[in-house]
Amino acid sequence: MTYTLKSLALAAAATALLSACVSMSAVPANQPFKAETAFEVTPSESWTRLPNGLNPTRGSALTQDGTPLGAVYMVTVKNDKAMVDTAGGSANLPRYTTGSTPLEQIDFLTASLELIGFSNVETSDVRSEPVDGKTGTRMGLNGKYANGLNMKGDAVLVESDEGLNVLVYTAAEMVYYEKYRQAAETLMASIDLE
């Protein structure tokens, strides 16, 4: 029996997907959720937590229909650390600096999103917003996935003693953004900085 490089690659990809499916876990509605962050949220509906191998950030990622269609990324970034998770590491990764201005935090976020597969990321409706007793920054996002599909989203950034707490919702603009927007809004409104 002869195996081509293509068939071996397909088999490896199928194996990776099967092992990833096994390690996905449910995040139930109406129960506090905290993983790899210095804050917790309480979802209004059930989500699926992506396993670390499929999550491009150093925090937690939740989805309902798969990350290209819609995902919530939750990360606490410590001083001089990156938001993205790169196995080999890189000196060129955008890094958070304690005490940075809201504009610098936004630049850090958009540069990080571009590293995980978004392009032409732009912010809109940037404003201050209270987050669990602290002043955070809230904004809308627009951009494109690597395949050219339009992306829309929302983000909240808030500093605490633990670092920069980031919650980002991204979804395909057509259909999926509106489909899960309210569930993502509930997560943002429920941020509990411990």
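Residues numbered from 1 in each chain as written. Predicted model: local features only at pLDDT ≥ 70, side-chain atom pairs only at ≥ 80, totals over all residues. Heavy atoms only, no water.

**Regarding the pairing of strand β5 (residues 70-77)**
- Burial analysis of β5 places 8 of its 8 residues in the buried class, the great majority of the element.
- Side chains Gly 70, Val 72, Met 74 and Thr 76 project from β5 onto one buried face, and the interleaved Ala 71, Tyr 73, Val 75 and Val 77 project onto a second face that is buried too.
- Sheet topology note: the strand β4 (residues 60-63)/β5 ladder contains 4 bridges and is antiparallel. Along β5, the bridge assignment pairs Ala 61 with Tyr 73.
- If you look at the hairpin formed by β4 and β5, you'll find 6 residues sitting between the two strands, and Gly 66 has a positive phi there, around 105 degrees. (Buried < 20%, exposed > 50% of the residue type's maximum accessible area, 1.4 Å probe, protein only. Helix = DSSP H or I, 4+ residues; strand = E, 2+ residues; numbered from the N terminus. Pairing = 2+ DSSP bridges.)

**Concerning the packing of aromatic side chains**
- Within the structure shown, the criterion is met by 4 aromatic pairs.
- Ring geometry for Trp 47 versus Tyr 180: centroids 6.2 Å apart, planes at 50 degrees, classification tilted. On the criterion of sequence distance, the pair formed by Trp 47 in strand β3 (residues 47-49) and Tyr 180 in helix α3 (residues 176-189) is long-range, its members being 133 residues apart.
- Between Tyr 169 and Tyr 177, the ring centres sit 5.7 Å apart and the planes meet at 25 degrees, which makes this aromatic pair stacked.
- For Tyr 169, a relative accessible area of 0% gives the class buried.
- Classification of Tyr 177 as buried rests on a relative accessible area of 6%. (Phe/Tyr/Trp six-rings, centres within 6.5 Å; stacked < 30°, edge-to-face > 60°.)

**Focus on the confidence of the model for the protein chain**
- Residues with a pLDDT of 70 or more make up 86% of the protein chain, whose mean pLDDT is 85.
- Across residues 1-22, confidence stays below pLDDT 50; counting only partners more than four residues off in sequence or on other chains, it has 3 contacts. (pLDDT = per-residue confidence, 0-100. Contact = heavy atoms within 4.5 Å.)

**A word on the sheet that holds β5**
- Strand order in the open sheet formed by 8 strands is β1-β3-β4-β5-β9-β8-β7-β6, and the pairing between neighbours is antiparallel. Across the chains shown, the open sheet's two edge strands, defined by having one partner strand only, are β1 (25-27) and β6 (118-131). With strand direction ignored, the average angle separating the axes of adjacent strands in the sheet is 25 degrees.
- Across the sheet, α3 is in contact with β3, β4, β5, β7 (134-145), β8 (150-160) and β9 (163-172); its angle to β9 comes to roughly 160 degrees. (Axes fitted to C-alpha atoms, helices over the stretch in contact; angles between N-to-C directions.)

**Here we look at helix α2 (residues 102-115)**
- Between the first and last C-alpha of α2 there are 20 Å, a value that for 14 residues agrees with the 20 Å anticipated at 1.5 Å per step.
- All of the buried residues along α2 are Gln 105, Ile 106, Phe 108, Leu 109, Thr 110, Ser 112 and Leu 113.
- Of the surrounding elements, those touching the buried residues of α2 are β5, β6, β7, β8 and β9. (Expected span 1.5 Å × (residues − 1).)

**With respect to α3**
- Taking 1.5 Å as the rise per residue, α3 with 14 residues should run 20 Å; its terminal C-alpha atoms sit 20 Å apart, in good agreement.
- Its maximal kink placed at Gln 182, α3 deviates by approximately 40 degrees.
- Among all positions of α3, only Tyr 177, Tyr 180, Ala 183, Ala 184, Leu 187 and Met 188 are buried.
- Where α3 is buried, its residues touch β3, β4, β5, β7, β8 and β9. (Bend = angle between axes of the 7 residues up to and from the residue.)

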